[in-house]
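Listed here are the chains, written in short residue letters.
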Amino acid sequence: MALLQDYKVLFEQNTEIKEIFYQGQRIWPSLPNSKTMPFYVRNMESTSIEFPIEPGYAYSIVNGEWIHPYESSIETLSPGAKMLIIWDSQPRTSIDSSTFPWPSSNPRTNIGGNIMSLLDGNNFVDLDEVGEYAFTNLFRNKAIDIDDLVLPATTLNRGCYQQMFWNCTSLTNAPDLPAIILSSYCYDTMFQSCTSLTTAPSLPATTLASYCYSDMFRECTSLVNVPSTLPATTLAEYCYEYMFSSCTSLVAAPELTATTLANNCYVNMFDNCTSLVTAPELPATNLVNGCYRYMFAHCSSLTEAPELPATNLADRCYENMFSNCSLLNNAPELPATTLADFCYGQMFEGCSSLNYIKAMFTTTPSNTYTMNWVYDVSATGTFVKNSAAQWNV
């Protein structure tokens, strides 16, 4: 049974009911369907702002009529006011910051509604495919946050959201990303340097493409909540490159389920995540060139490394994987008996607390395979090697 204290009623100045909330959720008037609502901008400044409008767009101040300018114009938005904006000309496949008008003063605004209305304002509700580089750089460097922005497309094309929110330092919320099948560079640098972003959206994709997540959250220094799992089991070249690099508040990484790797798939994925305490398990046993290069480099809070069960190595597979992990005490057992070019190059360089290594390789160490791999580790400790090895520690 609902209790009276579960309800909250807001009144207008004339005592008419404005909104009703139940257990923190607004139940009257009902919230609009964000997918059916056109894109909008809300003024979050304490003073009015002037918003430019160009021919081809139509706009409406909420509950007002649609205006279709035939020449460049300026609309004044009072504090808190919301303006709907659509593309009202021939449908197009892309838009970027150079073709989307924005106040030169870069005021604080919130955005919401269906992003597809900026491509086709008259038939956007059912649009499910986003074209190549469709929204590249669209909000780059803007002082925006998100109310209920919808990116509904499930069919993505190359670079469609590349750098879309790059360096939006006021951004605290990210839109849902429902696509299951990705394309090359689709999320590349999408949220890079969004230093106020604390929570990443769910990432349900199971079919990846080259560079699809590259630099996606790089330098998001406030990011603490990430998806519990990245579900793809087969990876693509550079797919996770620098994905969470320099996310200095990130303590826990998502589970990595992939068993089929691709060249350089995890390169620098968590590089310089200085708060990361625990590394995810790495279940793959068939390695490929550069697959784990610099994956946990400079993770200065990492105390335990994941198991590395592979017995067949590949060129540069573990290069700099744990370099400068200064709190790492024990290296994972390295069972491979034959080395590949630069496979252990600088792998543990700068791990100043490292005092236990067990490595089963019989290949004679050299710069070709192990250059500086234990440079600047602890001066004392235990090194276990294969009894069949003909080289000395």
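(A) Looking closely at the pattern of salt bridges. Under the defined criterion, the tally for this structure stands at 6 salt bridges. With a closest N to O distance of 3.1 Å, Arg 42 and Asp 147 form a salt bridge. Here the residue Arg 42 occupies a position in strand 4 (residues 40-43), and Asp 147 occupies one in strand 10 (residues 144-150), the gap between them amounting to 105 residues. With a relative accessible area of 23%, Arg 42 lands in the partly exposed category. Look at Asp 147 and you get partly exposed, because its relative accessible area is 34%. Between Glu 319 and Arg 293 there is a salt bridge whose closest N-O contact spans 4.0 Å. In this pair, Glu 319 is assigned in the loop between strand 12 (255-256) and strand 13 (356-359) and Arg 293 in the loop between strand 12 and strand 13, connecting sequence segments 26 residues apart. Across this residue pair, the class does not change: Glu 319 and Arg 293 are buried. Linked through salt bridges whose partners overlap, the residues forming this network are Arg 293, Arg 316 and Glu 319.

(B) Region of interest: the environment of Phe 51. As for its position among the elements, Phe 51 is in strand 5 (residues 49-53). In this structure the C-alpha to C-alpha distance between Phe 51 and Leu 118, which are 67 residues apart in sequence, comes to 16 Å. For Phe 51, the contacting residues outside a window of four places in its chain are Val 41, Ser 73, Ile 74, Glu 75, Met 83, Ile 85, Pro 101, Trp 102 and Pro 103.

(C) Molecular detail of the nonpolar core. Among the nonpolar cores identified, the biggest contains 117 residues, and Phe 139, Phe 165, Phe 191, Phe 217, Phe 270, Phe 296 and Phe 322 are the most heavily contacted of them. Of all the elements in the fold, those that place two or more residues in this core are strand 5, strand 6 (57-61), strand 8 (82-87), strand 10 and strand 13.

(D) Spotlight on the packing of aromatic side chains. Enumeration according to the criterion identifies 33 aromatic pairs in this entry. Their ring planes at 10° and their centres at 5.8 Å tell us that Phe 296 and Phe 322 sit as a pair that is stacked. You can see Phe 296 sitting in the loop between strand 12 and strand 13 and its partner Phe 322 sitting in the loop between strand 12 and strand 13, a full 26 residues away along the chain. You'll find Phe 296 and Phe 322 in the same group, each marked buried. Ring geometry for Phe 361 versus Trp 391: centroids 4.8 Å apart, planes at 15°, classification stacked.

(E) Looking closely at the confidence of the model for the protein chain. Chain-level pLDDT for the protein chain is 91 on average; 91% of the residues reach the 70-or-more range. Within the model, the stretch residues 1-13 combines pLDDT values under 50 with 24 contacts to residues more than four positions away or in other chains. When the criterion is pLDDT under 50, residues 22-31 qualifies, and its contacts beyond four places in sequence or with other chains add up to 20 contacts.

Cut-off values and rules
- Residues numbered from 1 in each chain as written.
- Predicted model: local features only at pLDDT ≥ 70, side-chain atom pairs only at ≥ 80, totals over all residues.
- Heavy atoms only, no water.
- Salt bridge = Lys/Arg side-chain N within 4 Å of Asp/Glu carboxyl O.
- Helix = DSSP H or I, 4+ residues; strand = E, 2+ residues; numbered from the N terminus.
- Buried < 20%, exposed > 50% of the residue type's maximum accessible area, 1.4 Å probe, protein only.
- Contact = heavy atoms within 4.5 Å.
- Core = buried A, V, L, I, M, F, W, Y, C linked by side-chain atoms within 4.5 Å.
- Phe/Tyr/Trp six-rings, centres within 6.5 Å; stacked < 30°, edge-to-face > 60°.
- pLDDT = per-residue confidence, 0-100.

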